[in-house]
Amino acid sequence: MSQTIYNVLSREKEVFKPINEGRVMMYVCGPTVYDNSHLGHAKTYVSFDVVVRWFRYNGLKVRYVQNITDVGHLLDDGEDRILKGARREKVEPMEIVERYMRAYFEDMDALGVVRPDISPRASAHVPEQIEMIQELIAKGHAYEVDGSVYYSVESFKEYGKLSGRHVEEMEAGRRVAVRDEKHHPMDFALWIKAPPNHVLQWPSPWGRGYPGWHIECSAMSNKYLGPTFDIHGGGVDNIFPHNECEIAQSEGAHEQPFTNTWMLTGTLLVDGVKMSKSLGNFITIKDALKQYRPEALRVFILSGLYRSPADYSTSALDAATKGAERINTAARRVRVELKNARPGDEANNGRLIDLLDQYRMRFTSAMNDDFNAPLALSALFDMGKDLNTAIDEGTASQPVLEQADAVYRELGGQVLGVVQPESQASGGGSAEREAGLIQMLIDMRLEARKAKDYARADSIRSQLMKFGVILEDGPKGTTFRISSN
Ligand SMILES: [Zn+2]
């Protein structure tokens, strides 16, 4: 079965074929580290996390590069975001960078996002950026004016091909004042002349200055992945101008395609409205994690297609919390049942194992179809229902439960990251501990009954029931099951 991916550039689902068989070279635009990361970041990076996990699960080697922007990403008023953060918190710009880069990784770790293989920082790759700007000047794509260098959008015929915008339209729709020194209002800065007291500045062939925001991604992806690589990802909000500028720079300098596949994640909305600081609906990952478990946030994000918008609301997160609990309860139940499991009969085992294989196949074809995580998740939810029925009916034997545990561990844990390790047989020891504690209480109840202390025996039974543990007295002694709701 082949992997398809929706390529934003061709606007079609294409069969994904890595340039080098068995290897995926992938770049995703990273955060500008001047403040805490928000839920929009969570959506983008959890989505790409699942892409990377899926490739690796299928045996592909992935080099995942995600930059850290620590210079040159300017606000509308022209101030560098890092300098704004430094002013706000009255510290050195590089302290802001360290503070929020660490905070970003903390958030991603908490969400179970696998770290990129390389997290290159823009400020550490100024020579590479200068070199690329020189190449662009030499090839007639860029020009210098008074210590600043601009990219000439008219020199690159395909400017606008990713976002579908045309230079003429963009010009007509433009209302903000432009700097006179540019040849064309849409030309963008590759190198910016630094005012004398500017904190972030480097020497260059054009005098002291600092790089524009877009050039870092072109220079660093080239350094670590080559001039043409497999997948370029990011949030759709950066399609213009950022991604468009990256293409113009890289293809202008190298005269070959920048990347074969463009994958962009949809916007995150809060109660139907785009999240922004000015609207006051800005939610940081740290705040969301105070309210919701990481698996719930992942289930919320993966319940929609990565390239569609997602709408964050209390009801959506409550539903995701229930979903995450349901899947983890089912996985834990399988684990606990495994302790008491019997070999079962062959015909019945065969039937149930076939059923589990069908869920695996449903999951796989969903993921192969442009990473359709919501469909993949639904396969796991439906599997949970069937497993609960089989356990209730006493047909879930050891080989069946072992297979079920493997599905939860691999697809729910390794690929989607929504099944907690302690819910898995080979993970942490909490399910084992749970089974042991229940058995201990069953033994205590038996002792109480032997001593004719029926009040105490009944109390143990009803206390366990409160935790969803149901005791069943049979001819061979007392067994237990975990209630499925
Ligand atoms: Zn970028």
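Every value quoted in this text rests on a predicted model; they were computed, and no experiment measured them. (Residues numbered from 1 in each chain as written. Predicted model: local features only at pLDDT ≥ 70, side-chain atom pairs only at ≥ 80, totals over all residues.)

Draft legend 1. Structural context of the overall build of the protein chain. Tallying secondary structure elements over the protein chain gives 15 helices and 15 strands in all. Structurally, the protein chain occupies a C-alpha span of about 95 × 50 × 35 Å along its principal axes. Considering only contacts within the protein chain whose residues lie at least 6 apart along the sequence, 73% involve residues at least 24 apart. (Helix = DSSP H or I, 4+ residues; strand = E, 2+ residues; numbered from the N terminus. Contact = placed C-beta atoms within 7 Å.)

Draft legend 2. Representation of the packing of helix α4 (residues 126–138) against helix α6 (residues 215–225) within the structure. Running from amino to carboxyl end, α4 crosses α6 at an angle of 100 degrees, the nearest separation of the two axes being 9 Å. The angle between the axes of α4 and α6 places the two elements in the roughly perpendicular class. Every residue of α6 that contacts α4 at E128, Q129, M132 and I133 is listed here: I215, E216, S218, A219, M220 and K223. By residue class, the composition of the contact of α4 with α6 is five nonpolar, two polar and three charged. (Axes fitted to C-alpha atoms, helices over the stretch in contact; angles between N-to-C directions. Parallel < 35°, antiparallel > 145°, perpendicular 65-115°, else oblique. Nonpolar A, V, L, I, M, F, W, Y, C, P; charged D, E, K, R; others polar.)

Draft legend 3. Looking closely at the domain arrangement of the protein chain. Considered domain by domain, the protein chain is made up of domain 1 (19–291), domain 2 (320–428) and domain 3 (432–482). Summarising the inter-unit geometry, the C-alpha centres of domain 1 and domain 3 are found 59 Å apart. (Domains from an automatic or database assignment.)

Draft legend 4. Expanded view of unusual backbone geometry. In the segment running from F240 into P241, the intervening peptide bond is cis, with an omega of 0 degrees. Note that P241 resides in helix α7 (residues 239–254). For F371, which is not glycine, the phi torsion reads 55 degrees and is therefore positive. Relative to the assigned elements, F371 resides in the loop between α11 (346–368) and α12 (373–393). Even without glycine at this site, K452 takes up a positive phi of about 60 degrees. Note on placement: K452 falls in the loop between α14 (430–450) and α15 (454–466).

Draft legend 5. Focus on the sheet that holds strand β8 (residues 209–211). The strand order across the open sheet formed by four strands is β5-β6-β7-β8, and the pairing between neighbours is antiparallel. Looking at strand neighbours, the two that pair on one side only are β5 (142–145) and β8, the edges of this open sheet. Averaged over all neighbouring strand pairs, the angle between strand axes comes to 20 degrees, with direction disregarded. Note: strand β6 (residues 148–151) against strand β7 (residues 188–193), three bridges, orientation antiparallel. From the neighbouring strand, Y151 faces β7, where its bridge partner is F188. Sitting on the sheet, α4 touches β5, β6, β7 and β8, and the angle it makes with β5 is about 105 degrees. (Pairing = 2+ DSSP bridges.)

Draft legend 6. Summary view of the sheet that holds strand β13 (residues 310–312). In spatial order, the strands read β12-β11-β13; together these three strands make up an open sheet with mixed pairing. Sheet topology places β12 (273–274) and β13 at the edges, where each strand pairs with a single neighbour. Pairing analysis gives two bridges linking strand β11 (residues 268–270) to β12, with the strands arranged antiparallel. Note that in β12 the partner of V270 across the bridge is V273.

Draft legend 7. Here's a closer look at the pairing of strand β9 (residues 229–235). β9 sits mainly inside the fold: seven of its seven residues count as buried. Of the pairings in the sheet, the one linking strand β3 (residues 23–28) to β9 comprises three bridges and is parallel in character. When the bridges of β9 are listed, Y27 appears paired with H232. Sheet topology note: the β9/strand β10 (residues 259–265) ladder contains six bridges and is parallel. (Buried ≥ 20, exposed ≤ 12 C-beta atoms within 10 Å, placed from the backbone.)

Draft legend 8. Structural context of the nonpolar core. In terms of nonpolar packing, the biggest core is built from 116 residues, with M26, V50, I133, Y151, L190 and L416 touching the most fellow members. Take this core: its biggest share by element is ten residues, from helix α1 (residues 39–57). Both domain 1 (19–291) and domain 2 (320–428) contribute no fewer than three residues apiece to this core. The contacts of M26, once residues within four sequence positions are left out, are V62, R63, Y64, V65, D230, I231 and G233. (Core = buried A, V, L, I, M, F, W, Y, C linked by C-beta atoms within 7 Å.)

Draft legend 9. Structural context of the pairing of β6. Alternating positions in β6 separate into two faces, S148 and Y150 on one and V149 and Y151 on the other, with burial throughout. For β5 and β6, the ladder comprises four bridges, and the chain directions are antiparallel. The residue bridging V145 from the neighbouring strand is S148, located in β6. Between the antiparallel neighbours β5 and β6 lie two residues, among them D146 with a positive phi of about 50 degrees.

Draft legend 10. Quick peek at α12. With 21 residues, α12 extends 30 Å between its outermost C-alpha atoms, agreeing within 8% with the 30 Å of an ideal straight helix rising 1.5 Å per residue. Along α12, the residues that are buried comprise A373, A376, L377, A379, L380, M383, G384, L387, N388, A390 and I391. Packing partners of the buried residues in α12 comprise α1, α9 (294–302), α10 (314–340), α11, α13 (398–415) and β15 (477–482). Directly beyond the C-terminal end of α12, a positive phi value near 75 degrees is found at G394. (Expected span 1.5 Å × (residues − 1).)

Draft legend 11. Region of the structure containing the packing of helix α2 (residues 81–89) against helix α3 (residues 93–110). At a closest axis distance of 8 Å, the pairing of α2 and α3 adopts a crossing angle of 95 degrees. Compared by their axis directions, α2 and α3 come out roughly perpendicular. Taken together, the residues of α3 that come into contact with α2 (itself represented by I82, L83, G85, A86 and E89) are P93, I96 and V97.

Draft legend 12. Looking closely at the environment of S37. Secondary-structure assignment places S37 in the loop between β3 and α1. C-alpha separation for the pair S37 and I283, spaced 246 residues apart in sequence, amounts to 8.7 Å. Aside from chain neighbours lying at most four places away, what touches S37 is P31, Y104, D107, T284 and I285.

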